[in-house]
Amino acid sequence: MSVPLKPVGREEIRRLESALLVMSLFDKETFEAIKDPGTRVTWVDSLYVAAAAFARDRAGMPTSKIAEELGVTEATVRRHLKGETRAGQVVARAYEKLSKEGLKLELPPELAEECSKQVAELREKLEKVKKALAEIQSWL
C-alpha cells in the first residue's frame, strides 16, 4: 500500500492519517508517554487529532473545515500543525520520516529489548516442554 504525502480525496487522507498515527505510536517519546496510565488515553487522543489534522492540512483542507470534521477548535488544529504540542511535534517527525523513508516501523529500543527477553524466556520453556514430551514418548 502506498501512502500519499499530498492526499487527494477521503481514501488518501485516511491512508496518510493512519500511517502518521501508527508511526507516531512507535515513536520513542510516545512510548514513554503512554507508560503512564493517567495520561495514556489523552496522549493517544492528541496523537489521533494531530495526525488527522496533519493529513487533512496536506490535502489542502482549510483549518476551519479540519476543526469541524475532528470536533476540535481551530486553535487546537493550528497548535498541532505549528508543532506547538508534543503530539504535533511527534506527527511532524513521522511525516518527515515517511517522506524520506516511506512507511517503516521500528520498535523503540526499550520495547525491542523487552520483546527479545520474552522471546528468549518462551524458547527456554518450549525446550523444557520438548524434553518432557520426549521423555514421555520414551516410556510408551
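Residues numbered from 1 in each chain as written. Predicted model: local features only at pLDDT ≥ 70, side-chain atom pairs only at ≥ 80, totals over all residues. Heavy atoms only, no water.

## Some words on the packing of helix α3 (residues 40–58) against helix α6 (residues 86–101)
Running from N to C, α3 and α6 point in directions that differ by 50 degrees, and their axes come no closer than 8 Å. In this view, α3 runs oblique relative to α6, as classed from their interaxial angle. In this structure, α3 crosses over α6, and the sense of that crossing is right-handed. Across the interface between the two elements, Trp 43, Ser 46, Leu 47, Ala 50, Ala 51, Phe 54 and Arg 58 from α3 touch Arg 86, Ala 87, Gly 88, Val 90, Val 91, Ala 92 and Tyr 95 from α6. When its residues are assigned to classes, the contact of α3 with α6 shows 10 nonpolar, two polar and two charged. (Axes fitted to C-alpha atoms, helices over the stretch in contact; angles between N-to-C directions. Helix = DSSP H or I, 4+ residues; strand = E, 2+ residues; numbered from the N terminus. Parallel < 35°, antiparallel > 145°, perpendicular 65-115°, else oblique. Left-handed = near helix turned anticlockwise from the far one by under 90°. Contact = heavy atoms within 4.5 Å. Nonpolar A, V, L, I, M, F, W, Y, C, P; charged D, E, K, R; others polar.)

## What to know about the side chain of Arg 56
Following the sequence through the fold, Arg 56 ends up in helix α3. Polar side-chain contacts of Arg 56 include one of 2.8 Å to the side chain of Glu 69. Those residues in contact with Arg 56, other than ones at most four positions away along the chain, are Ile 13, Glu 17, Met 61, Ile 66, Glu 69 and Leu 70. (Polar contact = N/O pair within 3.5 Å; in protein donor to acceptor, adjacent residues only side chain to side chain.)

## With respect to the packing of helix α4 (residues 63–70) against helix α5 (residues 74–81)
Where α4 meets α5, the axes come as close as 8 Å, and the angle between the chain directions of the two elements is 110 degrees. Judged on the interaxial angle alone, α5 and α4 are roughly perpendicular. Residues Thr 63, Ser 64, Ile 66 and Ala 67 of α4 form the contact with α5, whose own contacting residues are Glu 74, Val 77 and Arg 78.

## As for the pattern of salt bridges
In this structure the tally under the stated criterion is seven salt bridges. Here Glu 17 and Arg 56 are joined by a salt bridge, their closest N and O atoms 2.5 Å apart. Pair noted here: Glu 17 is in helix α1 (residues 10–25) and Arg 56 is in helix α3, with a separation of 39 residues, a long-range link. Note on accessibility: Glu 17 and Arg 56 belong to one class, buried. The salt bridge involving Glu 69 is made with Arg 56; its shortest N-O contact spans 2.8 Å. Here the residue Glu 69 occupies a position in helix α4, and Arg 56 occupies one in helix α3, the gap between them amounting to 13 residues. The class of Arg 56 is buried, set by a relative accessible area of 10%. Salt bridges sharing partners connect three or more residues here, namely Arg 10, Glu 17, Arg 56 and Glu 69. (Salt bridge = Lys/Arg side-chain N within 4 Å of Asp/Glu carboxyl O. Buried < 20%, exposed > 50% of the residue type's maximum accessible area, 1.4 Å probe, protein only.)

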